[in-house]
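Secondary and tertiary structure notes
Single-letter residue listing:
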There are 4 protein chains.
Amino acid sequence: MTDTSAVKDALRRQHIETPSWAYGNSGTRFKVFAQRGVPRTPREKIDDAAQVHRFTGVAPSVALHIPWDTVDDYAALAAYAKERGVEVGAINTNVFQDDDYMLGSVTNPDPAIRRKALDHLLECVDIMDATGSRDLKLWFSDGTNYPGQDDIRARQDRMAEALAAVYERLGDHQRFLLEYKLFEPAFYMTDLPDWGASYAHCLKLGPKAQVVVDTGHHAPGTNIEFIVAFLLREGKLGGFDFNSRFYADDDLMVGAADPFQLFRIMYEVVRGGGYDPAAGVAFMLDQCHNIEPKIQGQIRSVMNVQEATAKALLVDAGALRAAQDSGDVLGANAVFMDAFNTDVRPLLAELREETGLHRDPIAAYVASGYYEKVVEERKDGQAAGWGA
Amino acid sequence: MTDTSAVKDALRRQHIETPSWAYGNSGTRFKVFAQRGVPRTPREKIDDAAQVHRFTGVAPSVALHIPWDTVDDYAALAAYAKERGVEVGAINTNVFQDDDYMLGSVTNPDPAIRRKALDHLLECVDIMDATGSRDLKLWFSDGTNYPGQDDIRARQDRMAEALAAVYERLGDHQRFLLEYKLFEPAFYMTDLPDWGASYAHCLKLGPKAQVVVDTGHHAPGTNIEFIVAFLLREGKLGGFDFNSRFYADDDLMVGAADPFQLFRIMYEVVRGGGYDPAAGVAFMLDQCHNIEPKIQGQIRSVMNVQEATAKALLVDAGALRAAQDSGDVLGANAVFMDAFNTDVRPLLAELREETGLHRDPIAAYVASGYYEKVVEERKDGQAAGWGA
Amino acid sequence: MTDTSAVKDALRRQHIETPSWAYGNSGTRFKVFAQRGVPRTPREKIDDAAQVHRFTGVAPSVALHIPWDTVDDYAALAAYAKERGVEVGAINTNVFQDDDYMLGSVTNPDPAIRRKALDHLLECVDIMDATGSRDLKLWFSDGTNYPGQDDIRARQDRMAEALAAVYERLGDHQRFLLEYKLFEPAFYMTDLPDWGASYAHCLKLGPKAQVVVDTGHHAPGTNIEFIVAFLLREGKLGGFDFNSRFYADDDLMVGAADPFQLFRIMYEVVRGGGYDPAAGVAFMLDQCHNIEPKIQGQIRSVMNVQEATAKALLVDAGALRAAQDSGDVLGANAVFMDAFNTDVRPLLAELREETGLHRDPIAAYVASGYYEKVVEERKDGQAAGWGA
Amino acid sequence: MTDTSAVKDALRRQHIETPSWAYGNSGTRFKVFAQRGVPRTPREKIDDAAQVHRFTGVAPSVALHIPWDTVDDYAALAAYAKERGVEVGAINTNVFQDDDYMLGSVTNPDPAIRRKALDHLLECVDIMDATGSRDLKLWFSDGTNYPGQDDIRARQDRMAEALAAVYERLGDHQRFLLEYKLFEPAFYMTDLPDWGASYAHCLKLGPKAQVVVDTGHHAPGTNIEFIVAFLLREGKLGGFDFNSRFYADDDLMVGAADPFQLFRIMYEVVRGGGYDPAAGVAFMLDQCHNIEPKIQGQIRSVMNVQEATAKALLVDAGALRAAQDSGDVLGANAVFMDAFNTDVRPLLAELREETGLHRDPIAAYVASGYYEKVVEERKDGQAAGWGA
């Protein structure tokens, strides 16, 4: 039997970070559909992120993306966030949206472009100093589209060199999270295509280099929870970029495509000690709201992570281990599925009520009138755009 | 033994259509990299397409995309193309780049938006009347991102209704080619996800509705040449959108990712009678030159289709059939591979020389100075953008 | 709001067919692990199937597989089944386990082998006459391993010829269900690789030819519920072979890999009228219990289908349609997910109690002592083997 | 320009190892088709392997598989091989074909079974001592079929423990090659699913633990040549198990499914120094001849590796690097494709002639009458069976 009050305690301290770019317009290569009420500035994005925290109580930080969130005074931006009840979280770098990066950033054959890319990464560490951020998130779109286009190994040498330079620049309480992705926008070879490549680079650099798992960045059929379990065992899981997908890097709301997979992932997090704050695992969302309202979409994603976490915490560990150790295939699976099949929504509603929140975050947000307010306030000016 | 002069005759009458949008800037959702010398108008795109034909001799038509190629006078545009030595080919419709289409075009739950989309399709038939085009290419981005978002079956009813209305409007010598695609931009359910769905709709409508195979629109592992053989047997293969992919709808240069697959496809075309002009199979390219020079990229794609076709024509049909009929697995495969392993570049160079072309189209194009000329001429103004 | 009593009524008349071969030993190419208590004869398989029905109440028929279930007197076997409380269901043909079929059965290049295969299929219709079965299930392992090995189109001609001969032989109340499969055991080209190919053949033959969907036979990323919705709209969905998979045709317990997908499939069944007995959709299981106890595994699969069906029936159709029609993406998805997130196990336990069954079929089966009994009774002799 | 005589020199020292099990009967879970002339003993398998070397000149060793090739006196078997003109190569372990291993071998929850599995592995090192083999190939079918079935992390602990024990036992000139595989026969989680997992274990153990890449063991879309390049850069590529696949682990003849991929892999081998004997990369075949004659199938595979290698060696490294460094996407790709498009069969025929071999190994083998001879000699007795 699992102790419900312990589960509640654990859920109360959950910390899910939302990304500033999820509040802006986003889309596919075919079309970015404009929505109403979309923020126009980093501060307005923070305002929106604060709403997600206001109604869920578990989203107390917001990740920034440079240069989309470039401001003159980052310390002031961080202070603004605190006023709004949230903190600035990870700093996301961007070395993919400049014409110079057509053939790569830190792995570009041209040393001048590599230097430019590295300078951006280092500048992002300066921003971390100003905002007090712990995590630098590194995603590289680097790769090639055609066999022979560039030298795979030489690009690894360049990648290693850039990562070492960034690592060197990190302060005592800072680290970087190295992302990997199978494909897109590179369509033949990506310089960091899988967890193994990120892991190998991070391992050489040391404890301040950690792997981040974006749940949409794998080949079909990949068992993501295995990777989570493996990296936790190695002490190399830095965090998650949560989203969901049916096909490729669809960037849908978390848990929308395969709630059972999300549960299995959260189970391995709990099992491997990754839910303990001391483990330093960052639980971040990274998704694109192409067709759904953005703030509501974030709230739904946060709730879906909560529900999966609640189920993972409800797994009867003792019964599971007993069935596993005795080779009882169906029994072990039944214990596991029992937690998944449980409807945890009442538990979470109760928990919210206990902490002064509305039982239903979506309904409370809708009733708040915030959406109508920002649609009116933000009707002029340039809506913020996006990245994945 | 295969008769080389018959092969050459067949290659001489090859007809590959290039797409106007391949000459404009294109990219991924992350970035559209601007290139130099990119056309600014439909006429300039036609100028570029004419270069591809000039150096390859087998690309005598260019497909248009509405509204990207919207002009006041389509008859004049068609006349302009003829002056440049090419013809206007298929008319491609676009019902995916308007904010109204966020939840679909012809399958949208809103009847007013469905009407708007249908009107566009019908208008494209008017354009066909003006340009003398035979083929209307229908690609729908319609679908849903989330389970439950809309009713799958109701959307089929709407699709059927729209297709019937377009079919009804077609003239005696016109037809439509119905495209299918597994995913993107819809990430949960696409209304025409596979050849079976397109085929079923076309079958009900009649002979003027044909299926078009985009080689990048399938699930991993799909045997595309089977689909080609099957549709040819059913008399339902309307044409191809050629491109290549390693992962999803990568839209790389034709034959760049898997030249053996391209050969197998062309073999089934030849085997099933689809290379005979009377079969009405349209051989079109549809690709995005994200990082490579566009005209050169098109020439390379055209050459790759030529090479695959030459190899397909070189298969020793008698020897193959004999081995197949006797159950000689290795023998039959060996006959097949012998054609693929043959270096057909000398044959094609010879063929070009015989028809007054340079043996090496890429080298001839580079030497022509056309690129430098258009870089200078087109340095001002707005470069044309794209779609897939 | 959904009417719970109507849901219960619908669940009460559910009919899930278990396969005789699931009770025998099965495995992978690497190893068939022997289990204890495995049946040795068709009658013992029926005994086991009767247990599944005894404890679930919704599995009143068992499919046979010829020649694995070959007996001298099929009428007597059918009578035996009735005595045990179940009926003989579909007859499954087998034209893949004879050395003659190495290069195919009905599509083999050798006409004598094609004839032999066809004779087997026709003999299975004789068996249907004797058992009173309605459905003949046709799965062909036919295909090729190497490009060029045989002629794709000629094989389609042979397939069409064989199917027509079987169709001709069917009695008034008989039909065949035509299965498709992407790959395995053919590794280059399968003669019926997807629903489109099965559909096209069935459409030509007439109403007694229907498509059967094996949930494990698709390419990665295929949206199976789309196929279900599409075939129901066309009146061509004959039934299901349920199982689940993470990778290929894994043949795991139904709903074990992706319970949300199973729910979505059952929702489309309900939505499209396929749950109405008049629709004639056969709900069959087809799985391999490689490592789990077989009868318990079947009970679990049956329960998983029940749970998914209950959730599908609980979808608030009115609220869903309203949200869909108004383009409320998140609202429609929320209505859909509300049903999935509901814990229907109490409802099903209640339903069982009302019909005189134990609330927990697994516990009741374990407590019955049946397993210990058959382990003892069947300790000698040759355990039955398998097929997928 | 590439120096043809240097290419020939390199090709002359090529060493491809064939597997003893490829000469026995093999198949899928549906059927193992019996062929004629199949060896009945390890010595007869060596006889067949010697034929492959006799006609190709580049297959001077044969891998053994224990217990399929169990003999009383391994030194005598090794001596027999030498008499036949070949050597005993890698020793392949088998901990998947015993009923005890149903829930795993070295990762089984039962310590007694783990001990049994480890004992087998250690015994295989004894056999290496007797045969003089350098390489122990470790493939584990270990994994689980159902979520929750066993503890992912505990299984990693057990894996690490077993690998350490084997590592400890290795002699000075011995090493082990650790294989990974995405799935099959485990259908939910495989304990070593990807190169990252094998790499991480090998890295901790030291230089005598190396990763082996089976070209059929990856998720769809995986860029295998990236893995090859990455592992070579890390000094961790121990070797290959070559075969080819369209779908899963199809185990077809090498190069049969995607000759361009094989070329790209061999290019990275050459580029990364892996073709240098000092690199210690073992080039092994691992395939299943389900429907094709076995010796001929092996000869074809060996020839396909040769052809891919010849093309890889022909890449104009200087021109390629120049194009790459200048960011000339199409130019670099063209240099690369030029080598692939070259017909290297005449070069290889010439090379064979120069070394006293027939120009056409298949024709020479067929003409030799060996097949007819063994069909007669081996018509009685039990044909050898298989493994993947």
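Residues numbered from 1 in each chain as written. Chains lettered and ligands numbered in written order. Predicted model: local features only at pLDDT ≥ 70, side-chain atom pairs only at ≥ 80, totals over all residues. Heavy atoms only, no water.

The name an unreviewed UniProt entry assigns to chain A is L-rhamnose isomerase, from the organism Actinomadura vinacea.

Notes on the overall build of chain A
From N to C terminus, chain A includes 14 helices and ten strands. Relative to its length of 388 residues, chain A is compact, with a C-alpha radius of gyration of 21 Å against a globular reference of 21 Å. Each principal axis of the C-alpha distribution contributes one length, and for chain A these read about 60 × 55 × 40 Å. By residue count, 68% of the 388 residues in chain A fall in the buried class. (Helix = DSSP H or I, 4+ residues; strand = E, 2+ residues; numbered from the N terminus. Rg over C-alpha atoms; globule rule 2.2 N^0.38 Å. Buried < 20%, exposed > 50% of the residue type's maximum accessible area, 1.4 Å probe, protein only.)

Side note on the relation of the copies chain D and chain A
With an axial shift of 0.0 Å and an RMSD of 0.0 Å, the rotation relating chain D to chain A amounts to 180 degrees. In short, the pair behaves as if placed about a two-fold rotation axis. By C-alpha distance to the rotation axis, the residue of chain D lying nearest is glycine 196 of chain D, at 2.0 Å. (Least-squares fit on C-alpha atoms with pLDDT ≥ 70 in both.)

Re the relation of the copies chain C and chain A
Between chain C and chain A, which share one sequence, the superposing operator has a rotation angle of 180 degrees and an axial displacement of 0.0 Å; the RMSD is 0.0 Å. Looking at the interface residues of chain C, 97% of them are also at the interface in chain A, so both copies use one shared face. (Contact = heavy atoms within 4.5 Å.)

A look at the side chain of threonine 107 of chain A
Residues and elements named next belong to chain A. Of note, threonine 107 is situated in the loop between β3 (87-92) and α4 (111-131). Polar side-chain contacts of threonine 107 include one of 2.8 Å to the side chain of aspartate 142. Only 2.9 Å separates the side chain of threonine 107 from the side chain of arginine 155, close enough to count as a polar contact. Excluding residues within four positions of it along the chain, threonine 107 makes contact with Arg114, Asp142, Asp150, Arg155, Arg158, Met159 and Asp191. (Polar contact = N/O pair within 3.5 Å; in protein donor to acceptor, adjacent residues only side chain to side chain.)

A few points about the layout of surface pockets
One way to see where empty space is left: roll a probe the size of a water molecule over the atoms. Counted as a void, the largest pocket has a volume near 760 Å³. If you trace the largest pocket, you find 36 residues lining it, with Arg345 of chain B together with Ala334, Met337, Asp338 and Asn341 of chain D closest to the centre. Of all elements in the fold, only α8 (259-271), α9 (294-314), α12 (345-354) and α13 (361-368) of chain B together with α11 (329-341) of chain D reach the threshold of two or more residues within the lining of the largest pocket. For the lining of the largest pocket, the class distribution of residues is 21 nonpolar, six polar and nine charged. (1 Å grid on protein atoms, 1.4 Å probe; cavity = no way out; pocket = protein on both sides within 12 Å on 5 of 7 lines; lining within 4 Å. Points joined across faces, edges and corners; volume = space filled by probe spheres on them. Nonpolar A, V, L, I, M, F, W, Y, C, P; charged D, E, K, R; others polar.)

Some remarks on the sheet that holds strand β3 (residues 87-92) of chain B
Residues and elements named next belong to chain B. The strand order around the closed barrel formed by eight strands is β1-β2-β3-β4-β6-β8-β9-β10, and the pairing between neighbours is parallel. Within this sheet the neighbouring strands show an average axis-to-axis angle of 30 degrees, counted without direction. The sheet contact formed by strand β8 (residues 209-214) and strand β9 (residues 237-242) spans four bridges and is parallel. In the sheet register, aspartate 214 faces β9, and the bridge partner there is aspartate 241. Contacts between helix α5 (residues 152-169) and the sheet are confined to β4 (135-138), β6 (175-179) and β8, with β6 contributing the most and set at about 155 degrees to the helix. Helix-sheet contacts for α8 involve β9 and β10 (282-285), and the interaxial angle to β9 is about 160 degrees. (Pairing = 2+ DSSP bridges. Axes fitted to C-alpha atoms, helices over the stretch in contact; angles between N-to-C directions.)

Things to note about the sheet that holds strand β2 (residues 61-65) of chain C
Whether parallel or antiparallel, the strands of a sheet pair through hydrogen bonds between backbone atoms. All names here are of chain C. One closed barrel accounts for eight strands, arranged β1-β2-β3-β4-β6-β8-β9-β10; its pairing is parallel. This sheet shows a mean twist of 30 degrees between the axes of neighbouring strands, independent of strand direction. Bridge count for strand β6 (residues 175-179) against strand β8 (residues 209-214) is four bridges, and the pairing is parallel. Counterpart to leucine 178 in the pairing with β8 is valine 211.

Quick look at the interface of chain C and chain A
Listed per partner, the contact involves 31 residues of chain C and 30 residues of chain A. Among the residues chain C hides against chain A, the three largest losses belong to Leu330, Asn341 and Arg345 of chain C. Together they make up 25% of the total. Taken together, the connections running from chain C to chain A amount to two salt bridges. In this structure, arginine 345 of chain A and aspartate 338 of chain C form a salt bridge, with 2.7 Å as the shortest nitrogen-oxygen distance. Sort the elements by how many residues they give to the side of chain C that touches chain A and helix α11 (residues 329-341) of chain C lands first, with eight residues. Tallied by class, the residues present in the side of chain C that touches chain A amount to 15 nonpolar, seven polar and nine charged. (Buried area = accessible area lost by both parts, 1.4 Å probe. Salt bridge = Lys/Arg side-chain N within 4 Å of Asp/Glu carboxyl O.)

Re the packing of helix α7 (residues 224-234) of chain C against helix α8 (residues 259-271) of chain C
Residue and element names in this part refer to chain C. Interaxial distance between α7 and α8 falls to 9 Å at its minimum, and their mutual angle equals 10 degrees. The angle between α7 and α8 places the two elements in the roughly parallel class. Contact with α7, carried on its side by Ile224, Glu225, Val228, Ala229 and Leu232, involves Gln261, Arg264, Ile265, Glu268 and Val269 of α8 and no other residues of that element. The residue makeup of the contact of α7 with α8, split by class, is six nonpolar, one polar and three charged. (Parallel < 35°, antiparallel > 145°, perpendicular 65-115°, else oblique.)

As for the nonpolar core
Among the nonpolar cores identified, the biggest contains 502 residues, and Phe176 of chain A, Phe176 of chain B, Phe176 of chain C together with Phe176 of chain D are the most heavily contacted of them. Setting aside residues no more than four positions away along its own chain, phenylalanine 176 of chain B makes contact with Leu136, Leu138, Leu163, Val166, Tyr167, Leu170, Cys202, Leu205, Lys208, Ala209 and Gln210 of chain B. (Core = buried A, V, L, I, M, F, W, Y, C linked by side-chain atoms within 4.5 Å.)

Digging into the interface of chain D and chain A
Across the boundary between the two partners, chain D contributes 56 residues, which contact 57 residues of chain A. Summing both sides of the interface, chain D and chain A together bury roughly 4,600 Å²; the carbon and sulfur share of this comes to 59%. Considering only the surface of chain D that becomes buried against chain A, Arg153, Phe226 and Arg233 of chain D emerge as the three largest contributors, covering 16% of it. Residues aspartate 151 of chain A and arginine 321 of chain D are paired through a salt bridge, measuring 3.8 Å at the closest nitrogen-oxygen approach.

Details of the packing of helix α7 (residues 224-234) of chain A against helix α6 (residues 195-205) of chain D
With their axes 12 Å apart at the nearest point, α7 of chain A and α6 of chain D run at an angle of 20 degrees to one another. Classified by the angle their axes make, α7 of chain A and α6 of chain D are roughly parallel. Of the two possible hands of crossing, α7 of chain A and α6 of chain D adopt the one that is left-handed. Facing Phe226, Phe230, Arg233 and Glu234 of chain A of α7 of chain A, the residues of α6 of chain D in contact are Ala197, Ala200, His201 and Lys204 of chain D. Of the residues contributing to the contact of α7 of chain A with α6 of chain D, the split by class is four nonpolar, one polar and three charged. (Left-handed = near helix turned anticlockwise from the far one by under 90°.)

So, helix α10 (residues 317-325) of chain C
Residue and element names in this part refer to chain C. Here α10 has its buried residues at Leu320, Ala323 and Gln324. Taken down its axis, α10 places every buried residue within 100 degrees of arc, on the same side. The inward-facing, buried residues of α10 abut α8 and α11. The positive-phi residue at the C-terminal boundary of α10 is glycine 327, with phi of around 70 degrees. (Arc of directions from axis to C-beta.)

Comments concerning the confidence of the model for chain A
Across chain A, the average pLDDT comes to 97, with 99% of residues at 70 or higher. Across the interfaces of the predicted complex, the ipTM metric reaches 0.97, alongside a pTM of 0.98. (pLDDT = per-residue confidence, 0-100.)

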